[in-house]
Amino acid sequence: EGPQDLALVRGGGRRTARVPLTVHADAFTSPDRSTPAHCTLRFTAIGPGSDPTPENNVVEVELEVFDRNDG
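Just so we're clear, the structure is a prediction, and the values are computed from it rather than from any experiment.

### Description of the layout of surface pockets
By volume, the largest pocket is sized at about 1600 Å³. Around the largest pocket, the lining is made up of 34 residues, and of these Ala 7, Val 9, Arg 15, Ala 45 and Ile 46 lie nearest the centre. Contributing elements (two or more residues each) for the lining of the largest pocket: strand E1 (37-44) and strand E2 (58-65). Ranked by the residues each element gives to the lining of the largest pocket, the list is headed by E2, at three residues. Class assignment of the residues belonging to the lining of the largest pocket gives a composition of 16 nonpolar, 12 polar and six charged.

About the cut-offs
Residues numbered from 1 in each chain as written. Predicted model: local features only at pLDDT ≥ 70, side-chain atom pairs only at ≥ 80, totals over all residues. Heavy atoms only, no water. 1 Å grid on protein atoms, 1.4 Å probe; cavity = no way out; pocket = protein on both sides within 12 Å on 5 of 7 lines; lining within 4 Å. Points joined across faces, edges and corners; volume = space filled by probe spheres on them. Helix = DSSP H or I, 4+ residues; strand = E, 2+ residues; numbered from the N terminus. Nonpolar A, V, L, I, M, F, W, Y, C, P; charged D, E, K, R; others polar.

What follows is the structure in structure tokens.
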């Protein structure tokens, strides 16, 4: 098992993904301890063949990072 980077999703289906994420404190600076830094994660599904609706293959997720060492 372990992390997978490939999943077959048939038309009309859906799958759940778990994405390991490591955040390094020195990569973010927040205005103060109670206000998060923000960034957007973008996930794109790709596959073989042509896709009649490629616009629904992308999802953006906002990430809030609280750095309790700042401010």
